[in-house]
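In case you want the letters, here they are:
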Amino acid sequence: MTRKRPLFQAGIASAVLTALLLVPASASAQRATGTLIVRIEDAGAPVEGVDVDILTQRTRRDIGTTGISGLIAVDELPLDVNAGTRISTEILDCGAGASVLLVPETERLVTLPADCVRRPVGSFFWGQTERIVISLDGDRVDVESTRSEALDRSESGFRFQADLLFTALWGEEFDQEKDGFGGEGKLFYTWTGGLGVGVGGSATVHDVNGIDESMWKWSAFLEPRYTFFLPRTGLRPHVLARASYNWFAYEEGRRLGESGWGFGGGVGAAYPLGSWIAVDLGLYMGYLSVAADYEGQSYPRSGTEFQITGGVRFF
């Protein structure tokens, strides 16, 4: 029997997934279109008359002054800051007055008046936070941020995914089955925190050494997963576990059908192309055990399955 050499396929899969993970942040740059509410308070009471500025192109731009309620509404669209940019919040104490300065991570403050002291407060993500509260309680200054409803909707809910699928069966007991190609579909639900669970099915067709027919591998699976949300890039890597039940069906009935369980795990990443669609790549590896029953006897065999998926996800 000729043993398969999986290193080449695995190398291709790793290179493709690495390329996805290294997509530059600028590829997903989009101007934020919401409204940011800034509240300035001292000991829980609103502070009136505080100027709020933002740094763009190394220039401080005045975006408003808090009113009697300590609030200011900032229209994000006219400002040259991309959604998902980390914003550092600072208090500027300049003589008798204080102001708030918002500094995007892509900017650098060059000069300030000699009597100004900068006090870092905290940070938030532009376009993905709808309210910040800057609290001045003695020497303690905090920023509390709340997530926007639009962000929660984009990170949670039902997802459907359709993929092209490559499957390799490794191990001496699967040495006669060649690598196969097919498709996979799955429906899953993701909660805001990143946890999710899904169900799906797949099918691949494999040539078999020594016989003039093909083998179909069918699979149904349950898949818990965890998704990591990276606000600055839009990239959504995930890790998953999988329990599957698999069937081998041979054409023309020349060989017995086989079935059995599989268990394993994988990694992947989705990259949004728009508000409702994303491209998704993934790798999976697991243990596979199947058996054929014939005249009251069971004929088991086991090995490893390695899969590469690539397709689209619909939000």
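Since we're looking at a predicted model, the values are computed, not measured.

Student: I'd love a proper account of the overall build of the protein chain, names of residues and values included.
Tutor: Of regular secondary structure, the protein chain possesses 2 helices and 18 strands. Counting all 315 residues of the protein chain, 41% fall into the buried class. Summarising the internal contacts of the protein chain: among those between residues at least 6 apart in sequence, 61% fall at separations of at least 24. For the protein chain, the exposed area adds up to about 16,000 Å²; of that, 57% sits on carbon and sulfur atoms.

Student: Break down the sheet that holds strand E13 (residues 195-207) for me, with residues and values.
Tutor: Strand order around the closed barrel formed by 8 strands is E11-E12-E13-E14-E15-E16-E17-E18, with antiparallel pairing between neighbours. On average, adjacent strands in this sheet sit at an angle of 25 degrees to one another, irrespective of strand direction. Two strands pair when backbone bridges link them, and strand E12 (residues 180-190) and E13 are joined in this way by 10 bridges, in the antiparallel orientation. Residue pairing in the sheet places Lys186 in a bridge with Gly200 of E13.

Student: If you had to explain the confidence of the model for the protein chain to someone new, which residues and values would you point to?
Tutor: Predicted confidence across the protein chain gives a mean pLDDT of 83, with 85% of residues reaching 70 or more. Low pLDDT, under 50, characterises residues 16-28; the predicted model gives this stretch 20 contacts beyond four residues in sequence or across chains.

Student: Residues and numbers for the nonpolar core, please.
Tutor: With 21 residues, the main nonpolar core has Leu36, Val38, Val74, Val100, Leu102, Trp126 and Ile134 as its most contacted residues. Put simply, the parts of the chain that give this core at least two residues each are strand E1 (35-42), strand E3 (51-56), strand E5 (71-75), strand E6 (86-94), strand E7 (97-104), strand E8 (116-125) and strand E9 (129-137). With 3 residues, E1 is the largest single contributor of residues to this core. Counting residues in hydrophobic clusters, the runner-up holds 8 residues, among them Val208, Met215, Tyr250 and Leu288.

Student: Break down the sheet that holds E3 for me, citing the residues and quoting the values.
Tutor: Pairing is mixed across the open sheet formed by 5 strands, whose spatial order is E4-E3-E7-E6-E8. What marks the edges here is a single partner per strand, and that holds for strand E4 (59-65) and E8. Between one strand and the next, the sheet's axes are offset by a mean angle of 25 degrees, whatever the strand orientation. Bridge count for E3 against E4 is 6 bridges, and the pairing is antiparallel. Following the sheet pairing, Ile54 is matched in E4 by Arg61.

Student: Could you give me a rundown of the side chain of His238, with the residues and numbers involved?
Tutor: Looking at the element boundaries, His238 is found in strand E15 (residues 236-250). Leaving out residues up to four positions away in the same chain, His238 has contacts with Arg225, Tyr226, Thr227, Phe228, Gly266, Val267, Gly268, Ala269, Asp280 and Arg313.

Student: Describe the pairing of E7, listing the residues and the values that go with them.
Tutor: For E7, the tally of buried residues reaches 6 of 8 residues, placing the bulk of the element in the interior. By the bridge criterion, 4 bridges tie E3 to E7 in an arrangement that is parallel. By the bridge assignment, Ile54 is partnered in E7 with Leu102. Pairing of E6 with E7 involves 8 bridges; the strand directions are antiparallel. Bridged to Ile91 within E7 is Val100.

Student: Provide a residue-level description of the pattern of salt bridges, including the pertinent values.
Tutor: This model, assessed by the stated rule, comprises 13 salt bridges. A salt bridge links Arg242 to Glu184, with the nearest nitrogen and oxygen atoms 3.8 Å apart. Taken together, the residues Arg242 in strand E15 and Glu184 in strand E12 connect sequence positions 58 residues apart. Across this residue pair, the class does not change: Arg242 and Glu184 are buried. Three or more residues joined by partner-sharing salt bridges are found here, namely Glu184, Lys186, Glu223, Arg225 and Arg242.

The rules behind the values
Residues numbered from 1 in each chain as written. Predicted model: local features only at pLDDT ≥ 70, side-chain atom pairs only at ≥ 80, totals over all residues. Heavy atoms only, no water. Helix = DSSP H or I, 4+ residues; strand = E, 2+ residues; numbered from the N terminus. Buried < 20%, exposed > 50% of the residue type's maximum accessible area, 1.4 Å probe, protein only. Contact = heavy atoms within 4.5 Å. Areas by Shrake-Rupley, 256 points an atom, 1.4 Å probe, with all protein chains shown as cover. Pairing = 2+ DSSP bridges. Axes fitted to C-alpha atoms, helices over the stretch in contact; angles between N-to-C directions. pLDDT = per-residue confidence, 0-100. Core = buried A, V, L, I, M, F, W, Y, C linked by side-chain atoms within 4.5 Å. Salt bridge = Lys/Arg side-chain N within 4 Å of Asp/Glu carboxyl O.

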